[in-house]
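Chain residues, written in single-letter form:
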Amino acid sequence: MRHVIAFAEHRKGQTRKVTYELATQAHELAQKLGGTAHAIVLGEGAGALAESLTKYPLDVVHVAEDPDVDAYLLDPTIDYLEGAARAIGSSIVLVPNTMYGRDVASRLAARLGAGLNADVTGFAIDGERVACIAPKLGGVTITTCAFEDCEYGVATVRPNAFAAQPGGAGARLETLAKPDAKPYRMRIVNEVEEASSELGLEEAPVVVSGGRGLGGAEPFTTLLKPLADALGGAIGASRAAADAGWVPYSLQIGQTGKTVSPKLYIAVGISGAIQHKVGMRSAGTIVAINKDGTAPISEFSDLLVVGDAFQIVPALTKLINDSKA
Ligand SMILES: Cc1cc2nc3c(=O)[nH]c(=O)nc-3n(C[C@H](O)[C@H](O)[C@H](O)COP(=O)(O)OP(=O)(O)OC[C@H]3O[C@@H](n4cnc5c(N)ncnc54)[C@H](O)[C@@H]3O)c2cc1C
């Protein structure tokens, strides 16, 4: 029997969709492994977030609203996670594959003597053997790596790789006891919020993406941004556009970029290569605007608009803005 633990990354109770994706995945894996599903929420605002997690199919949501978690860099967080994992027993710990999550996962794996799999997009279970599927070498290969001879496994899971599905009988809330006081050595003395963050693209309900067909950097601001703004969405890009330096790599969607799962994905001047498709195929509705009616994207888009993006996109933006007015 193996248990599964989802670590909830948040800031003062504000979280990301990936937290609920991990909670759902914890349940699905725990069922296959014959164990129980847990979530751990720490720090300021943990109580409210823990409440929202009880609506997901977990057995227990462990919570500690301890100010030390926010006052110090990671040490208290790792102490809580290690203590909880050891109390729960043999388990797989799921951590979001975000900048913060990767930091947490590596330290936790070292503490637990656990195997660590990064940027996981799928799991393969065989009895109690858990293997993680993840792109490696810049996406050139997809590897399946099993945790061997370790009581604990830690996996950083790519946002939007799994669906979030509320349900279950209602998880039990349990307060975690404070771990033995240790000298925490790194106190956070200042925090500066970045104007833009990776939150936009991965959480946006609408993504308007541009590719090589846009021919340069400027149309991303003059063409795509107004459409994205009109729809309350964010801008993404194909690798061809990122490689050309038209947009930063943080906007790249696909096998070696981000995975997005918006309600609406609009691909403008993107051919729909398989490496792009794997990063956006779970979008609710896929609309493609392309000069070429036979481009590969025509095979998996819900609606293909055949024509010149430079005529269609401004007309569409105007239509949306007019209808709003
Ligand atoms: C290991 C590996 C990893 C990769 N990872 C990724 C990844 O993460 N993400 C990714 O996107 N790609 C990735 N790629 C690259 C991928 O194979 C494609 O080369 C890339 O997605 C193509 O980008 P594109 O669709 O913008 O360009 P193109 O394939 O050149 O397509 C441009 C499209 O624009 C259309 N077009 C041209 N002008 C107009 C116009 N005026 N109006 C409307 N349509 C127009 C054309 O008809 C065409 O369909 C990877 C490749 C490899 C080998």
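Note that the structure is predicted; figures quoted are calculated from it, not measured. (Residues numbered from 1 in each chain as written. Predicted model: local features only at pLDDT ≥ 70, side-chain atom pairs only at ≥ 80, totals over all residues.)

Undergrad: Whenever I open this one, the sheet that holds strand β15 (residues 264-268) confuses me. Can you help?
TA: Sheets are built from strands that pair by backbone hydrogen bonding, the pairs being arranged parallel or antiparallel. Here we have five strands laid out as an open sheet, ordered β14-β13-β15-β16-β17, and parallel in their pairing. Two strands bound the open sheet, and with one partner strand each, they are β14 (234-237) and β17 (303-306). Averaged over all pairs of adjacent strands, the angle between their axes in this sheet comes to 20°, without regard to strand direction. Running at roughly 160° to strand β13 (residues 206-210), helix α7 (residues 218-230) makes contact with β13, β14 and β15 of the sheet. (Pairing = 2+ DSSP bridges. Helix = DSSP H or I, 4+ residues; strand = E, 2+ residues; numbered from the N terminus. Axes fitted to C-alpha atoms, helices over the stretch in contact; angles between N-to-C directions. Contact = placed C-beta atoms within 7 Å.)

Undergrad: Teacher, can you tell me more about helix α1 (residues 17-33) here?
TA: Residue pairs spaced three or four apart in an α-helix point in one direction, given the helix's 3.6 residues per turn. Taking 1.5 Å per residue as the helical rise, α1 with its 17 residues ought to reach 24 Å, and the 24 Å between its terminal C-alpha atoms agrees with that figure. The first or second residue beyond α1 is Gly34, which carries a positive phi of 70°. (Expected span 1.5 Å × (residues − 1).)

Undergrad: Please clarify how the site of the ligand should be interpreted in this entry.
TA: Every one of the 30 residues lining the ligand counts as a neighbour, but Gly211, Gly213, Ser238, Arg239 and Gly254 are closest to it. Of all the secondary structure elements, the ones that give two or more residues to the shell around the ligand are α8 (239-243), α9 (274-277), β16 (285-290) and α10 (309-324). It is α8 that provides the largest number of residues to the shell around the ligand, a total of three residues. Within the shell around the ligand, the residues separate by chemical class into nine nonpolar, 16 polar and five charged. Both domains that meet at the shell around the ligand, namely domain 1 (3-175) and domain 2 (199-324), each give it at least three residues. (Near = placed C-beta within 6 Å. Nonpolar A, V, L, I, M, F, W, Y, C, P; charged D, E, K, R; others polar. Domains from an automatic or database assignment.)

Undergrad: I tried to follow the sheet that holds strand β5 (residues 60-64) on my own but got confused; where do I start?
TA: As summarised here, the arrangement of the seven strands in space is β7-β11-β6-β1-β4-β5-β12, forming an open sheet in which the pairing is parallel. Each edge of the open sheet is held by one strand with a lone partner, namely β7 (115-120) and β12 (172-175). If you compare each strand with its neighbour and ignore which way they point, the axes differ by 20° on average. With four bridges joining them, β7 and strand β11 (residues 152-157) adopt parallel strand pairing. Among the inter-strand pairings, Leu116 is bridged to a residue of β11, identified as Val154. Against the sheet, helix α5 (residues 99-112) touches β1 (3-7), β6 (91-96), β7 and β11, its axis set at about 170° to β11.

Undergrad: What is the right way to look at the nonpolar core in this model?
TA: As a rule of thumb, nonpolar side chains are buried together in soluble globular proteins. Of all hydrophobic cores here, the largest spans 57 residues; its most connected members are Ala26, Val41, Leu53 and Leu94. The greatest single-element share of this core, amounting to eight residues, is contributed by α1. Every residue in contact with Val41, bar those within four places of it in the chain, is listed here: Ala8, His10, Ala46, Leu49, Ala50, Leu53, Val61 and Val63. The next biggest cluster of nonpolar side chains, apart from the first, holds 37 residues, and it includes Val208, Leu224, Trp246 and Leu304. (Core = buried A, V, L, I, M, F, W, Y, C linked by C-beta atoms within 7 Å. Buried ≥ 20, exposed ≤ 12 C-beta atoms within 10 Å, placed from the backbone.)

Undergrad: Help me understand the pairing of β13 in this model?
TA: Remark: a regular strand shows side chains that alternate across the two faces of the sheet. Of all the five residues making up β13, four are buried; the element is thus mostly covered by neighbouring parts of the structure. Pairing analysis gives four bridges linking β13 to β14, with the strands arranged parallel. Counted as the bridge partner of Gly210 is Ala237 from β14.

Undergrad: Looking at this structure, how should I read the domain arrangement of the protein?
TA: Size of an interface, as often reported, equals the accessible area lost when the parts are brought together. Taken domain by domain, the protein holds domain 1 (3-175) and domain 2 (199-324). Each of domain 1 and domain 2 has a C-alpha centre, and these two points are 31 Å apart. In this complex, domain 1 contributes nine residues to the contact, which on the side of domain 2 involves 10 residues. Tallied by class, residues from the side of domain 1 that touches domain 2 come to three nonpolar, three polar and three charged.

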